[in-house]
Amino acid sequence: MISEAGVRVKVPASTANLGPGFDTLGMALSLYAWIEMKPAKETEIHLYGDQMKGIPTNKSNLIYEVAQSVFREAGVSLPELEISMYSDIPLTRGLGSSASAIVGALVAANELIGSPLNQAQLFDMATALEKHPDNVGASLFGGVITAVWDGTHAEYLRIEPPIDLEVLVAIPEFQLSTSKARQVLPEQVSLEDAVFNISRTSLFTAAMASGRLDLIRSAMQDRLHQPFRAPLVPGMARILEEATAHGALGAALSGAGPTLLALTDRREQRGMELERFLIEVLSEQGIKARTIWLNPCTQGAQTLTIEKGVKFIDSIEGEVRS
Ligand code: HSE
């Protein structure tokens, strides 16, 4: 049954890899995008916020295309849609903006037609579009996720993030596309480096599951992608090396970058020192960056009630950052 009143969905940003878990680990973050979708006579796409500049507002829009793929999969025809979107998630910075758009579109479109697809189907579709399950899994399910993808089907396990875990991100002004950041990776790695990463990814997952924040420092090291990506983000190598001396439990490139992410224990109260260190190192390299303190977001994409007569943008006012 199609909901004539439409649906509204709130989706968290995400960070992928968390150091060693390349294309495997993800964590949802307390930074959000909102998508509203309604049946319409003629397609209209309204994009709000600075992040949305340059994004198409015709039927080539990603949200529209993803919604149509849900309708096709469910055998429903709904060619005209009114879509509204606002996002606080910066584009092409390694914080899962495209994953949040894909997940938001899948969840909204599915809800709009009475939820014929289940979560597992949505996860498979999201992963097929994004090509790796880490960001989409975190945005869909929330918390920390560890996932595998066999090219058709994705499996995951969600872990509740430790309560004292806090996240500092330093978001450089420049954009870095995932494809560019993947081109620099080697096609083959040594057995020694593979073991290095498997052991740390396993330790990270177990540390998250058991709340052992003290293990994060060793568990966040990586040899599969960060060393090769370091030249793309000047200052990154030093931040990864020295962040723990400035109060971080561990640091990593967020997804494919260029955002750098530090995990902290909120009880330690060394946040200002760490923030200053990140900004200073990047600025020494001529990189302007803004820092944001975030929390792991325990909830994945959620459907919100639409209040009658309240405009989309007014309804999320007070929740948005800028
Ligand atoms: N795991 C992916 C990568 C995340 O590091 O390339 C990018 O979205």
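As annotated in an unreviewed UniProt entry, the protein chain is Homoserine kinase from Paenibacillus lentus. As its UniProt record puts it under Subcellular location (unreviewed entry), the protein chain is described as follows: "Cytoplasm". In the Function (unreviewed entry) part of its UniProt record, the protein chain is described as follows: "Catalyzes the ATP-dependent phosphorylation of L-homoserine to L-homoserine phosphate."

Peer 1: Explain the UniProt feature "binding site: ATP" (unreviewed entry) in the protein chain here, please?
Peer 2: Under the UniProt annotation, the feature "binding site: ATP" (unreviewed entry) is placed at Pro90, Leu91, Thr92, Arg93, Gly94, Leu95, Gly96, Ser97, Ser98, Ala99 and Ser100. Mapped onto the elements of the fold, Pro90 is located in the loop between strand S4 (81–87) and helix H2 (97–112). Beyond its immediate sequence surroundings of up to four residues, Pro90 is in contact with Leu31, Gln51, Leu95, Ser97, Ile171 and Arg290. Residue position: Ser97 is located in helix H2.

Peer 1: Explanation requested: unusual backbone geometry in the structure shown.
Peer 2: Glycine aside, the phi torsion of most residues is negative, and most peptide linkages are trans. Each neighbour pair has its own omega, and for Gly257 with Pro258 the value is 5°, a cis peptide bond. Of note, Pro258 is situated in the loop between strand S8 (250–253) and strand S9 (260–265). Of note, Leu18 is a non-glycine position whose phi angle comes to about 50°, a positive value. Of note, Leu18 is situated in the loop between strand S1 (7–16) and strand S2 (25–39). We classify Leu18 as buried; its relative accessible area is 0%. At Thr92, a position not held by glycine, the phi torsion is positive, near 50°. Mapped onto the elements of the fold, Thr92 is located in the loop between S4 and H2. By relative accessible area, which is 30% here, Thr92 ends up partly exposed.

Peer 1: When you look at the site of the ligand in this model, what are you seeing that I'm missing?
Peer 2: Near the ligand, the surroundings consist of Ala16, Asn17, Phe22, Asp23, His132, Asp134, Asn135, Thr178, Arg182, Arg229, Gly255 and Ala256. One of the side-chain N or O atoms of Asp134 is found 2.6 Å from a nitrogen atom in the ligand. Burial of the ligand by the surrounding chains reaches 95%, relative to a free accessible area of 260 Å². Counting residues per element, the ones that place at least two in the shell around the ligand are helix H4 (133–141) and helix H5 (178–183). Of the residues in the shell around the ligand, the class split is 3 nonpolar, 5 polar and 4 charged. The residue makeup of the shell around the ligand includes at least three contributed by each of domain 1 (7–160 + 297–315) and domain 2 (165–294).

Peer 1: Would you mind showing me how to read the nonpolar core here?
Peer 2: Buried together is how nonpolar side chains tend to be arranged in soluble globular proteins. The biggest cluster of nonpolar side chains holds 75 residues, and the ones touching the most others in it are Met37, Phe71, Leu81, Phe204, Ile216 and Leu263. Both of domain 1 (7–160 + 297–315) and domain 2 (165–294) provide at least three residues apiece to this core. Those residues within four positions of Phe204 in sequence are excluded, and the remaining contacts are Leu18, Leu25, Ile216, Ala219, Met220 and Leu263. Listed in part, the 21 residues of the second largest apolar core include Leu168, Ala230, Ala256 and Ile287.

Peer 1: Which parts of the structure should I look at to understand the pairing of S4?
Peer 2: Most of S4 is tucked away: 6 of the 7 residues are buried. In terms of strand pairing, S2 meets S4 through 7 bridges, oriented antiparallel. In the strand pairing of S4, Ile35 is matched with Met85. When strand S3 (residues 44–48) meets S4, the two strands line up parallel, connected through 5 bridges. Among the inter-strand pairings, Tyr48 is bridged to a residue of S4, identified as Tyr86. The β-α-β motif built from S3, the intervening helix H1 (residues 62–74) and the parallel element S4 has left-handed crossover chirality.

How each quantity is defined
- Residues numbered from 1 in each chain as written.
- Predicted model: local features only at pLDDT ≥ 70, side-chain atom pairs only at ≥ 80, totals over all residues.
- Heavy atoms only, no water.
- UniProt positions renumbered as here; feature names shortened; annotations may be inferred.
- Helix = DSSP H or I, 4+ residues; strand = E, 2+ residues; numbered from the N terminus.
- Contact = heavy atoms within 4.5 Å.
- Buried < 20%, exposed > 50% of the residue type's maximum accessible area, 1.4 Å probe, protein only.
- Near = heavy atom within 4 Å.
- Polar contact = N/O pair within 3.5 Å; in protein donor to acceptor, adjacent residues only side chain to side chain.
- Areas by Shrake-Rupley, 256 points an atom, 1.4 Å probe, with all protein chains shown as cover.
- Nonpolar A, V, L, I, M, F, W, Y, C, P; charged D, E, K, R; others polar.
- Domains from an automatic or database assignment.
- Core = buried A, V, L, I, M, F, W, Y, C linked by side-chain atoms within 4.5 Å.
- Pairing = 2+ DSSP bridges.
- Right-handed = clockwise from strand over helix to strand, strands pointing away.

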